[in-house]
Structures are given as C-alpha cells and as structure tokens.
Amino acid sequence: MNFLRGVMGGPSAGPQPSGAETIQKLCDRVASSTLLDDRRDAVRALKSLSKKYRLEVGIHAMEHLIHVLQTDRSDSEIIGYALDTLYNVISNDLEEEEQDDSEEENLPKQVDDLGSQFTEIFIKQQENVTLLLTLVEEFDFHVRWPGVKLLTSLLKQQGPQVQQIILVSPMGVSRLMDLLADSREVIRNDGVLLLQQLTKSNAAIQKIVAFENAFERLLDIITEEGNSDGGIVVEDCLLLLQNLLKNNNSNQNFFKEGSYIQRMKPWFEVGDDNCGWSAQKVTNLHLMLQLVRVLVSPTNPPGATSSCQKAMFHCGLLQQLCTILMATGVPADILTETINTVSEVIRGCQMNQDYFASVNAPSNPPRPAIVVLLMSMVNERQPFVLRCAVLYCFQCFLYKNQKGQGEIVSTLLPSTIDATGNSVSAGQLLCGGLFSTDSLSNWCAAVALAHALQENATLKEQLLRVQLATSIGNPPVSLLQQCTNILSQGSKVQTRVGLLMLLCTWLSNCSIAVTHFLHNPANVPFLTGQIAENLGEEEQLVQGLCALLLGISIYYNDNSLENYRKEKLKQLIEKRIGRENFIEKLGFISKHELYSRAAQKPQPSFSSPDHMMFDHEFTKLVKELEGVISKAIYKSSEEDKKEEEVKKTLEQHDNIVTHYKKVIREQDQELEELKQRVSTLTSQNEQLQATVTQQVSQIQQHKDQYNLLKVQLGKDTQHHNSHSDTFQMNGIQMEEVSKLKEELEEWKNKHELLQGQLREKDSVTEKLKSSQLEMATTEQSSQTSKSGGLEHNNELQKELEMLRSQIQLQSAEISKLQIENQKLQVMNTSADPVLGDSGATAGNNSELERRLEQEIKELKSEIKALSEEKESLKQQLDSSSSTVAILQDEKSKLQQEVAESKKEQDDLLVLLADQDQKLSALKIKLKDLGVPVEDEDDIESGDQGDEDEDGDEEEQD
C-alpha cells in the first residue's frame with residue numbers, strides 16, 4: 001500500500017514513485033483485485049489523479065475503466081467514480097493550477113487534440129456508447145449525473161459520429177428525453193445541455209426530439225423559471241428550441257400546429273417599469289426574439305412563413321411586440337432586435353402590414369409608428385445598427401404592399417401635403433434625409449424611397465409630380481431634377497450610389513420617367529462623362545451605376561424625344577465611350593464584393609457605415625437588366641424597328657385577347673345571373689306549390705263543413721214534415737225560402753262558369769305540354785353545354801304537370817260541391833208544396849218558428865263563408881295560371897340566351913385560334929431575328945385556367 005500512501009499524501013520511507021508509475025500500479029490493482037472495495041479505492045485514486053495526469057490516465061486506465069462499467073454495474077459508487085474519471089480525461093474543461101507561460105500558449109491546441117483523440121478511442125467500440133446510454137437510464141444520482149456529463153463531452157468532441165451511434169441505437173434518443181422529466185434540477189439542466197449538443201446540425205434527431213414532446217416540456221420549464229426573468233436555464237432551453245426549429249420545416253410546422261406560438265406571447269409581457277434590466281434578462285429576451293424570427297425567416301418556405309405570421313397576429317404576439325417597440329426604457333440592443341423581429345413578422349403579409357400601419361406611438365399628439373421609426377433612421381445621432389434595423393422594417397412594410405406604397409408616395413404629392421405644418425409625414429422625412437448632409441441618411445432615404453416604387457409603375461408616374469422648394473425666391477424643382485442636380489455636384493460616394501440606385505429603380509419599366517429624365521439636356525452628357533473617365537477604384541462603382549442608368553434610358557426609351565432616340569444614344573456611346581468599354585463598366589457592379597454580400601439575404605447587415613452600398617432588391621434588378629442592356633447596346637436600328645413593330649403587334653394581340661377574355665367573363669357573369677333567376681323562380685314555384693297544398697286542405701275542411709250542414713238541413717226537413725199539420729209559415733219565412741232558392745241558382749251558375757274556366761285551363765296546360773314535348777325533342781340534338789338547361793326545363797315541365805293535376809283535383813272537388821248543391825235544390829223544391837199546404841193551417845208554434853229562423857240564419861252565414869272561400873280559390877287559380885305563363889316566357893328566354901351564348905363562344909374560339917396562329921408565326925420570326933422571346937406558358941396556363949372554369953360552369957349547368 002506504499003503507492004497509495006504516496007498518492008493520498010501519507011509519509012513514505014523510500015523515494016516517491018512517479019505519476020505514471022502510480023497510475024500503472026492503480027490500473028493493475030483495478031484489473032487484478034478480487035475484492036470490490038479494493039477496486040473501488042483504486043478507481044477513486046485514478047479519479048483524483050485524472051486531472052493532473054490526464055494523458056497518463058487516459059492511456060493506461062481507459063480500457064480498465066470501461067471494463068469496470070461493464071462488470072461492476074451493481075455498485076453505483078464505483079460506476080460513478082469510473083464515469084467521473086472518464087469525463088476528466090475526455091473533457092477539455094481543465095483547471096490547471098500550475099502552468100508555465102510557454103505551456104499556456106500551446107495548451108488550447110494540446111487540450112483539443114487530447115479530448116478528440118480520447119473520444120475517438122472511446123467511441124471506436126459502439127458498444128461503449130450504448131453502455132453509456134444504459135447507465136444514463138439509472139435513477140441513482142451518482143451514476144446518472146456523471147453519465148450525462150460524459151455523454152455531453154463526447155458529443156462536443158465528436159458530434160456527428162456520436163449522433164449517428166445514438167440514432168441507430170434502439171430508443172437511444174427517447175432515453176435521453178427522459179432527462180427533461182427528472183425532478184432533480186441539476187440533472188434536468190445538464191440534460192438540456194446534452195440535448196443541445198445532440199441536436200446540432202442533425203435534422204433526423206431534431207425531428208425525433210420534437211415528436212418526443214420536447215416543445216411542451218421546454219416551454220413548461222421556461223414558464224416555471226419565470227419566462228424572460230428566469231436564469232441561465234431559460235437561456236439553455238431557448239438555445240435548444242432554436243436548434244430544433246432553425247432550418248427544419250417539419251418541426252416548424254409541428255410547432256405551429258401544436259399551438260405553441262400562442263404560448264410565446266407571455267414572454268414579451270414587460271411591465272411599465274422597464275428600469276433595471278439584468279444582463280440575463282436581456283440575453284433571454286434577445287434569444288426569444290430570435291426564436292420568433294426563426295419561425296418567420298424569409299429563407300423559410302413562403303407558405304410556412306405566411307401561416308406563422310397569421311398565427312402571430314391572431315394570438316396577439318405582433319401586438320405585444322409593437323408594444324415593446326413603442327415602450328420607453330428598453331435597452332438599445334433589445335429595441336434593435338425587436339424592430340428586426342417585427343419586420344419579418346409583417347414582411348409580405350398584408351394583414352400584419354395593415355395593422356402595423358395603424359400603430360401609433362404614445363406621444364402628444366399621437367404619431368404613426370412608421371413616422372417615429374423614420375425619424376430615427378434619418379437622425380445621424382442614432383446607433384448605426386438601429387438605423388439599419390429601421391430601414392429593414394420599412395422595407396418589409398412595403399414588400400408586396402401596394403397599398404402601403406401608395407400611402408407613402410401620397411404624402412409627397414402636392415394635394416396631400418399638410419399646409420399647416422403641424423405634423424411631419426413619412427414623405428417629408430424621406431425627402432429631408434435624401435438631401436441632408438449626412439451621407440448615410442442620404443443612402444437610407446434613397447433606398448427606402450426606391451422600395452416605395454418597387455414594381456409599381458403607377459407610383460413611378462405619380463412621383464414625377466413632386467415639386468421641391470430648394471430656396472426662397474427660386475421656382476420649385478421636381479424631385480427627379482433635384483436628384484440629378486446633387487449627382488452632378490460630386491457629393492460622397494455613398495450618397496451618389498444611393499441616388500443612382502433610386503434613379504435606376506424609378507426609371508426601370510417606366511417610359512414616362514425615362515422621357516422626363518432625358519428631357520434635361522445636362523443628364524446624358526454627365527452620365528457619358530462619368531463613364532468615359534478613368535477614375536480610381538472607389539469611383540468604379542459609381543461608373544458602373546451610371547452605365548446601368550444610361551442603359552435603362554436606352555432600353556425603356558419610347559423614342560418620344562427626337563434628340564434622344566435609342567439609335568442616337570447608342571451612337572453617342574459608340575463615339576464617346578465605346579461599346580466594349582461600356583459593357584466593362586457595367587460589369588463593375590456585379591463583380592463588386594459588397595454586391596455579393598447584399599445579394600445573400602434581404603436584411604441589410606453591414607460591419608460599418610462605409611460598407612453600406614447595395615440593397616438586396618436592387619441586386620435583383622441588376623441581375624435582371626444587365627443582360628438585356630448588353631444585348632440592346634449591340635442591336636442595330638433595323639433590329640430595333642423590327643422589335644418595336646413586333647412588340648406593338650404583340651401588344652395589339654394581347655389587347656384583343658384581353659378584350660375577349662373580358663367578354664367571356666361578362667358572359668360568365670350573365671350566366672350566373674340567369675342561374676340566380678332560375679333559382680329564384682324555382683323558389684317561387686315551391687312557394688306556389690305550398691300555397692296550393694294549403695288550398696286543398698282548406699277545400700277539404702269546407703267539404704266537411706258542408707256535409708255537416710247538409711245533415712243538419714236533412715234533419716230539419718224531416719222535423720218540418722212531421723209537424724206539417726200544425727206548422728204555419730208566414731209571408732216573411734216564404735220570402736226567405738225563395739231567397740235561398742235564388743242563391744242556390746246563382747251558385748249553380750257560378751259552378752258552371754268555374755267548370756268552363758277549368759276546361760280552358762286544361763286546354764292551356766295540354767298545349768304547354770305538347771309545346772314542351774316538341775322543344776324537348778329539338779333540344780335533344782343540342783350540345784352537351786345545354787344539358788343543365790334541359791334538365792331545368794324538364795323540372796319545370798314536371799312542376800307544371802303537378803299544378804295541372806292539382807287543378808284537376810280542385811275541379812273535381814268543385815263538381816262534387818255542385819252535385820251536392822243540386823241535391824239541396826231538389827230537397828228545397830220538394831219542401832215547397834208542403835210549406836204551401838201548411839200555410840192553410842191556423843195553428844202557430846212560436847217555438848218552432850224561432851228555431852227555423854235561427855237555423856236559416858246559420859245556413860245563410862255558412863253559404864256566405866263558402867262563397868268567400870270559393871272566390872279566394874278562384875283568385876288563386878288565376879294567379880297559378882299567370883305563374884305558368886311567366887314560367888313559359890322565362891323558359892323561352894333562357895333557351896334563346898343559351899343558344900346566343902353558344903354561338904358567341906364558338907365565334908370567340910375561332911378568333912382565338914386565329915390569334916394563336918398569328919402569335920406563333922410572329923414569335924418564330926422574332927426567334928429568327930435573334931430576339932429573345934419569353935415562353936408563353938403563363939399565357940397558356942391563364943387561358944387554360946379560364947377555359948377550365950368555363951367548362952366547370954357548363955358542367956354545373
């Protein structure tokens with residue numbers, strides 16, 4: 001035990017053994033001892049030596065320590081010592097107390113080499129990593145914690161190799177996910193660090209971790225720790241969330257679909273008192289903002305970005321970010337990152353852009369947030385990164401937002417400028433920045449104004465109306481003229497580059513602006529003079545942009561100015577510059593280093609203000625125009641004339657096609673209106689059917705009441721016959737009976753008239769039926785596009801048949817009522833002699849007389865009610881017959897319109913076929929002449945889409 005005494009610091013009689021000898025003896029002890037206690041003491045001693053003698057322990061003891069992990073798993077203490085020893089050997093986090101100066105210089109490289117080499121030795125046998133995963137499952141703290149640290153160190157040293165081993169190991173990732181659920185915070189926090197290393201640059205592991213409910217667990221931990229007020233654990237969780245979501249579309253979609261975006265809103269709920277921001281809170285909030293940007297990054301697929309942007313608006317996250325944006329006391333770096341985050345949340349999303357335009361700063365009077373931000377951008381006292389962030393926010397606000405572009409440009413137009421001067425508009429701020437003495441403000445204002453004109457020819461023309469008052473007493477100057485004046489004055493390179501980018505954007509694809517630019521006789525000589533000079537390297541960029549501006553003036557020239565026609569400008573370039581020299585100067589732009597940096601991503605990120613030269617959208621314009629301008633310079637006048645003629649012809653044909661498309665759309669609208677009318681008539685028909693059903697039920701009720709009256713009248717007649725000897729009828733009663741007989745005669749005549757009307761209606765319905773049958777036979781040979789109208793006509797025919805059957809039923813009911821009235825008349829006439837004989841009797845029964853009077857009154861009231869009901873029935877029959885006539889007229893009109901529309905469509909198809917043949921012939925001529933012709937897939941796809949829509953509507957008909 002002498003070597004143990006030496007290690008532990010005890011007294012020794014002989015010379016002290018060296019560290020390597022001691023480690024070798026300890027390794028022999030671990031390998032040969034049969035007692036577990038002896039092996040445990042030896043491993044403990046190796047652990048104490050592993051930091052000082054890292055190399056020796058790693059070389060001699062690693063194999064024995066791995067053997068201990070395999071064989072002594074029942075003893076958690078020795079397993080813990082072995083894991084700690086391996087961690088000290090593999091990890092690069094060394095704390096040496098005594099180091100020479102020369103050793104300190106070479107230490108980092110040596111440490112990296114040692115850790116990487118020992119890790120490579122350990123993972124050479126994949127079973128070692130699998131064994132370590134098994135040990136991490138142990139609940140014992142002295143085993144699990146050192147196992148987690150060792151695995152984390154392995155991932156730091158040889159990440160891709162260890163990731164692959166864990167990925168192919170059964171349930172390897174799932175075992176490590178259990179660390180997040182450990183109740184001991186030390187293990188849980190180190191588990192988060194382990195997952196950070198595990199998920200780096202490995203999409204497969206990222207997906208597995210995400211689907212193992214990692215988002216839910218990490219968000220719970222962040223909430224438990226206090227969101228942005230939490231400690232370093234929140235920072236670690238946010239870094240892990242970034243690993244899982246960045247450049248991983250599947251996880252981003254899973255995060256959105258799981259409604260986890262809504263749980264991000266409480267992160268940004270900062271109080272009114274923003275004083276005393278701790279460094280950890282600033283770091284946490286910075287990472288939270290970056291996580292939001294990961295979800296809405298412009299590099300993500302457009303559909304995924306758009307859905308995340310909408311979710312952030314609906315859950316109130318965008319509103320919360322705007323609150324931070326307008327709050328006071330927010331640190332500058334947090335404010336800058338918040339501006340960048342809001343920029344990407346609103347970029348290309350019309351709903352979010354409209355909301356941002358409505359946000360006001362809490363000032364008196366309230367000002368729009370856009371105006372407040374622009375004031376910061378053109379203020380040279382503000383930090384450079386903040387001004388870049390504001391510019392990016394303004395660019396994102398105008399990206400694919402024609403409404404916002406129009407609002408910004410309208411603040412520059414004479415009709416909308418506030419004459420009182422009480423409020424500052426966005427347009428005034430941009431003009432002020434454009435002509436200030438600060439070159440960075442000039443550049444930012446020029447780029448911002450160029451974005452307001454991006455892909456919007458209407459606004460480019462309206463901006464020509466802007467007039468500026470340069471000084472008192474002088475006439476106003478147009479904005480275009482003022483820009484060229486500043487260019488000619490020879491200001492700083494950054495200012496001239498910004499103005500040239502603005503002019504190139506303004507004049508591109510706008511012939512009117514080109515004409516206004518060329519109308520100033522000093523502009524073309526200035527550009528040619530700049531291009532022709534041999535200047536230094538700094539001026540080469542300005543020369544390239546001048547060449548681009550002159551090329552745009554040629555390519556988009558409509559030859560409206562005689563002195564500056566395309567051919568004359570080309571001759572001018574040939575004489576003063578030379579075509580090859582012009583093309584060379586034009587190529588200076590795309591070859592510039594700053595151009596390549598700006599073309600990488602939309603956000604302007606520059607290390608210093610001097611590097612702020614190019615805008616991302618402008619690089620796209622250069623890439624688009626550089627080739628066509630080069631070709632336009634070498635074209636002859638004849639080729640230009642032919643090209644213009646072909647363009648005019650193509651424009652004419654495009655106008656014709658557009659006109660026909662408009663006609664087809666109008667016909668589609670007319671068909672939709674006709675369908676609506678048909679549906680309206682169908683609903684009216686259904687209402688009429690319901691009314692007829694009600695009438696049939698009412699007739700049945702009247703029939704029942706009539707039968708009851710008939711029965712009562714029969715009983716009264718029998719009663720009168722039995723008392724004929726004693727009954728006496730006075731003159732008044734005889735008159736009433738005669739009146740009843742007259743009324744019955746009238747009803748009989750009315751029934752005869754109704755029967756005649758019913759016969760006439762029967763003949764009308766028969767004629768309608770025969771005409772419909774004839775029309776059906778003729779329509780069977782029509783085209784398939786009219787099948788919908790035929791089906792509708794058949795439905796109308798069926799409905800007419802139903803109406804006819806109902807009318808026949810009503811006529812049958814009325815005939816039955818007529819027969820019953822005739823029976824009543826017979827009964828009344830048979831009762832007359834009896835009544836006449838009874839007049840000779842002298843007896844008078846007052847009680848029977850009163851009863852007869854009452855019954856006669858009731859009978860009269862019932863007959864009156866029947867007459868009213870039959871009058872209403874007659875009116876309903878008349879209205880139904882008029883409805884049938886209206887339906888017949890509508891049907892004939894529909895058939896005529898369908899036939900006319902078919903004829904017009906056939907004519908249009910013939911015309912379109914002729915136009916297509918002419919277009920193809922013209923484009924073949926253009927190709928023969930060497931003119932690049934765009935593929936017409938877009939036109940064909942648009943026409944095909946219209947034809948498909950027409951086909952779908954005809955099938956629905």
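Residues numbered from 1 in each chain as written. Predicted model: local features only at pLDDT ≥ 70, side-chain atom pairs only at ≥ 80, totals over all residues. Heavy atoms only, no water.

A closer look at the overall build of the chain
Stated formally: In DSSP terms, a helix is any run of H or I states spanning at least four residues, a strand is any run of E spanning at least two, and both are numbered starting from the N terminus. Three labels apply to residues, based on accessible area from a 1.4 Å probe with only protein chains included: buried if under 20% of the type maximum, exposed if over 50%, partly exposed otherwise in between. Whether two residues touch is decided by their heavy atoms; if any such pair falls within 4.5 Å, the residues are in contact. Each accessible area is a Shrake-Rupley result for a 1.4 Å probe, and residues are judged covered by the shown protein chains and nothing else.
When its secondary structure is counted, the chain shows 41 helices and four strands. Taken across its 957 residues, the chain has 45% of its residues classed as buried. In the chain, the share of contacts with a sequence separation of at least 24, taken over all contacts with a separation of at least 6, comes to 75%. Of the accessible surface of the chain, which amounts to about 48,900 Å², a share of 50% is contributed by carbon and sulfur atoms.

Describing helix α16 (residues 279-295)
To be explicit about the condition: Given a helix with a known number of residues, its expected span is that number minus one, times 1.5 Å.
The terminal C-alpha atoms of α16 lie 25 Å apart, and with 17 residues this matches the ideal 24 Å at 1.5 Å per residue to within 8%. A large share of α16 lies buried, amounting to 12 of its 17 residues. Turning to α16, its buried residues are Lys-281, Val-282, Asn-284, Leu-285, Leu-287, Met-288, Leu-289, Leu-291, Val-292, Arg-293, Val-294 and Leu-295.

Thoughts on the confidence of the model for the chain
We count it as follows: Scored between 0 and 100, pLDDT is the confidence that the predictor attaches to each residue.
Across the chain, pLDDT averages 81, with 78% of residues at or above 70. Counted against residues more than four places away or in other chains, residues 1-14, with its pLDDT under 50, gives 11 contacts. Long-range and interchain partners of residues 831-845, a stretch whose pLDDT sits below 50, account for 24 contacts in this model, where long-range means more than four residues apart.

Some remarks on the packing of aromatic side chains
Basically, it comes down to this: Only Phe, Tyr and Trp rings are paired, with Trp represented by its six-membered ring, and only when their centres lie within 6.5 Å; those with planes under 30 degrees apart are stacked, over 60 edge-to-face, the remainder tilted. Lysine NZ or arginine CZ positioned within 6 Å of the ring centre and within 35 degrees of the ring normal marks a charge as sitting over the ring.
For the coordinates displayed, the defined rule picks out 13 aromatic pairs. Taking the centre distance of 5.1 Å and the plane angle of 85° together, the rings of Phe-215 and Phe-255 count as edge-to-face. Here Phe-255 lies in helix α15 (residues 249-257) and Phe-215 lies in helix α13 (residues 214-224), a separation of 40 residues in the sequence. With relative accessibility at 0%, the residue Phe-215 sits in the buried group. With a relative accessible area of 0%, Phe-255 lands in the buried category. Through pairs of rings, three or more aromatic residues link up here, namely Phe-211, Phe-215, Phe-254, Phe-255 and Tyr-260. One residue, Lys-149, lies across the ring of Tyr-87, its end atom 5.2 Å from the ring centre.

Some thoughts on the side chain of Gln-242
Test applied: Polar contact is the term for a pair of N or O atoms within 3.5 Å; when the atoms are in protein, one must be able to donate a hydrogen and the other to accept it, and sequence-neighboring residues count only if both atoms are side-chain atoms.
On the secondary structure map, Gln-242 appears in helix α14 (residues 232-245). Residue Gln-242 is classed as buried on the basis of its relative accessible area, which comes to 13%. At 3.5 Å, the side chain of Gln-242 and the backbone oxygen of Leu-287 are in polar contact. Excluding residues that lie within four positions of it along the chain, Gln-242 makes contacts with Leu-287, Gln-290 and Leu-291.

What to know about the environment of Tyr-260
Looking at the secondary structure, you find Tyr-260 in the loop between α15 and α16. With relative accessibility at 9%, the residue Tyr-260 sits in the buried group. Considering only alpha carbons, one finds Tyr-260 and Glu-216, 44 residues apart in sequence, at a separation of 8.0 Å. Setting aside its immediate chain neighbours within four residues, Tyr-260 contacts Asn-213, Phe-215, Glu-216, Leu-219, Phe-254 and Phe-255.

Observations concerning a negative patch on the surface
Selection criterion: Residues form patches when they are more than 30% accessible in relative terms and have no salt bridge. Like charges link within 9 Å. Nonpolar side chains (Val, Leu, Ile, Met, Phe, Trp, Tyr) link within 5 Å. Put simply, a salt bridge is a Lys or Arg side-chain nitrogen that is within 4 Å of an Asp or Glu carboxyl oxygen. In this tally Asp and Glu are treated as negative and Lys and Arg as positive; neither His nor the chain ends contributes. All charge positions are set by atom: Lys at NZ, Arg at CZ, Asp at CG, Glu at CD.
Together, Glu-666, Glu-670, Glu-672, Glu-673, Glu-897, Glu-900, Glu-904 and Asp-907 give the surface a local cluster of negative charge. The set of elements that each furnish at least two residues to the negative patch consists of α37 (637-722) and α40 (846-929). Following the sequence through the fold, Glu-897 ends up in helix α40.

Regarding the pattern of salt bridges
For the structure shown, the criterion picks out 25 salt bridges. Beyond isolated ion pairs, a larger network of salt bridges with shared partners links Asp-37, Arg-40, Asp-41, Arg-44, Asp-75 and Glu-77.

Some thoughts on the packing of helix α29 (residues 511-519) against helix α31 (residues 537-555)
The cut-off we apply is this: An axis is simply a line fitted to the C-alpha atoms; with a helix, the fit covers only the stretch in contact. Between two such axes, the angle follows the N-to-C directions and lies from 0 to 180 degrees. Left-handed describes a crossing whose near helix is turned anticlockwise from the far helix by less than a right angle; the clockwise case is right-handed. For this scheme, ten residues count as nonpolar: Ala, Val, Leu, Ile, Met, Phe, Trp, Tyr, Cys and Pro. Four count as charged, namely Asp, Glu, Lys and Arg, and the remainder, Gly too, count as polar.
The geometry of α29 relative to α31 is characterised by a closest axis approach of 9 Å and an angle of 115° between their N-to-C directions. For the element pair α29 and α31, the recorded crossing hand is left-handed. For the pair formed by α29 and α31, the contact residues are Val-514, Phe-517 and Leu-518 on the first element and Leu-549, Ile-552 and Ser-553 on the second. Residues of the contact of α29 with α31, tallied by class, amount to five nonpolar, one polar and no charged.

Brief notes about the state of the cysteines
This is how it is decided: The disulfide criterion is simple: two cysteine sulfur atoms within 2.5 Å.
Within the structure shown, the criterion is met by zero disulfides. Free of any disulfide, Cys-393 has its nearest neighbouring cysteine sulfur in Cys-396, separated by 6.9 Å.

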